Amino acid sequence: MIPTVTNLTSVTPQKITIIGGSGKMGQFFQAQLEAAGHHVSSLDRSDWEHEDRLEQLLGLADIVLVSVPIERTVDVIERAAKYLGKTTALADITSLKTEPLFAMLKHHNGPVMGLHPMFGPSVKSFSGQKVVVCPGRNDSIFQWLLDLMESQGAQLITCTPEEHDRLMVIIQATRHFARFSLGVFLTEEEVNIDRSLSMASPPYRQEIDIVKRLFAQSSHLCVDIMLATEERCQAIARLADTYNRLAKLVLEKDREALIQEFETTQSLFSDISSHKSDSVTQMSYENHADRHISRHRMSVVSNR
């Protein structure tokens, strides 16, 4: 079954609770949802001590969004599920999908979906942003939310939670480590960044801007993204091994070996550049996975 496109002007205002709503991403979602006419409440740490507050915020909500640090997501889902109404929709917006989606399906019998906004909370709207969608159960219940994001210019990419987490090892974890390492190196070398930018090429300026944006984020968030799973830690260790192997070739001035490494890798990226430009965009940092969501519709995956 494919749900019909939601008419945004006819959507009944929803009662929404954001667990972790005082966080930056929670605040972003609250602002966007309130601007669309929905009633949004925030459930934060102090609220867990008040049973009546939990019953009100979780039991009476149309949809509950979980927006908490990675390491707390599964525990929060399990705690919150005890208070959810039978028809309450539950979704998480964290950067891991397999364990959170499994926990939501296990502990809540109502509609479930996993979402991963591929942007930081400093953006002003969904315009031009990517959101990964992992279907769970009764996906059509979330159609109004997906349509809202698309109406603001978001691109929705659907995939399984397993595919998402596998790709995020490269898209997030190793990328964070590479740029984290560059930032630490520049600091240790006491590089005058402003002076270097005054004579830099555009690619250097772009790279410095990306590193700057990384270090403008929460240190806890950056580190948690790298340490979130054993797979991420192992991939980062392999990347560090690659750095060390290539650095050894540089120290040995092994020109032929470095050229061979370059040309072997060159073939991978020449294959990518032969694709259509929008396909390349889909495989870049902000994107993940083959697109299965059209501009206005998402095929509903059978209930698990």
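Just so it is clear, the model here is predicted, and its values are computed rather than measured.

Orientation of helix H6 (residues 161-188) relative to helix H10 (residues 230-251), taken along the N-to-C sense of each, is 50 degrees, at an axis distance of 9 Å. On the basis of their axis angle, the class for H6 and H10 is oblique. The two elements H6 and H10 cross, and the hand of that crossing is right-handed. Here H6 contributes Met168, Val169, Gln172, Ala173, Thr174, Phe177 and Ala178 to the contact with H10, which in turn contributes Glu231, Arg232, Ala235, Ile236, Leu239, Ala240 and Tyr243. When the residues that make up the contact of H6 with H10 are grouped by side-chain class, the tally is ten nonpolar, two polar and two charged.

The subject of this paragraph is the sheet that holds strand E7 (residues 155-158). Reading across from one edge, E2-E1-E3-E4-E5-E6-E7 is the order of the seven strands in this open sheet, with mixed pairing throughout. Because the sheet does not close on itself, it has two edges, and the strands there are strand E2 (39-43) and E7. Neighbour to neighbour, the strand axes of the sheet diverge by 25 degrees on average, direction disregarded. Both strand E4 (residues 89-92) and strand E5 (residues 112-117) contribute to a ladder of three bridges, which runs parallel. Bridge pairing links alanine 91 to methionine 113 in E5. Together, strand E1 (15-19), strand E3 (63-66) and E4 form the strand contacts of helix H3 (residues 73-81), whose direction differs from that of E3 by roughly 155 degrees.

Following the criterion strictly, the structure yields six aromatic pairs and no others. A ring pair is formed by phenylalanine 29 and phenylalanine 126, whose centres lie 5.5 Å apart and whose planes are at 75 degrees; its orientation type is edge-to-face. On the criterion of sequence distance, the pair formed by phenylalanine 29 in helix H1 (residues 24-35) and phenylalanine 126 in the loop between E5 and strand E6 (130-137) is long-range, its members being 97 residues apart. Between phenylalanine 119 and phenylalanine 126 the ring centres are 6.0 Å apart and the planes differ by 85 degrees, which places this aromatic pair in the edge-to-face class. Here phenylalanine 119 matches phenylalanine 126 in class, with each residue buried. Between arginine 79 and the ring centre of tryptophan 48, over which it is positioned, the NZ or CZ distance is 4.4 Å.

What counts as what
Residues numbered from 1 in each chain as written. Predicted model: local features only at pLDDT ≥ 70, side-chain atom pairs only at ≥ 80, totals over all residues. Heavy atoms only, no water. Axes fitted to C-alpha atoms, helices over the stretch in contact; angles between N-to-C directions. Helix = DSSP H or I, 4+ residues; strand = E, 2+ residues; numbered from the N terminus. Parallel < 35°, antiparallel > 145°, perpendicular 65-115°, else oblique. Left-handed = near helix turned anticlockwise from the far one by under 90°. Contact = heavy atoms within 4.5 Å. Nonpolar A, V, L, I, M, F, W, Y, C, P; charged D, E, K, R; others polar. Pairing = 2+ DSSP bridges. Phe/Tyr/Trp six-rings, centres within 6.5 Å; stacked < 30°, edge-to-face > 60°. Buried < 20%, exposed > 50% of the residue type's maximum accessible area, 1.4 Å probe, protein only. Lys NZ or Arg CZ within 6 Å of the ring centre and 35° of its normal.

Geometry only, nothing functional implied.
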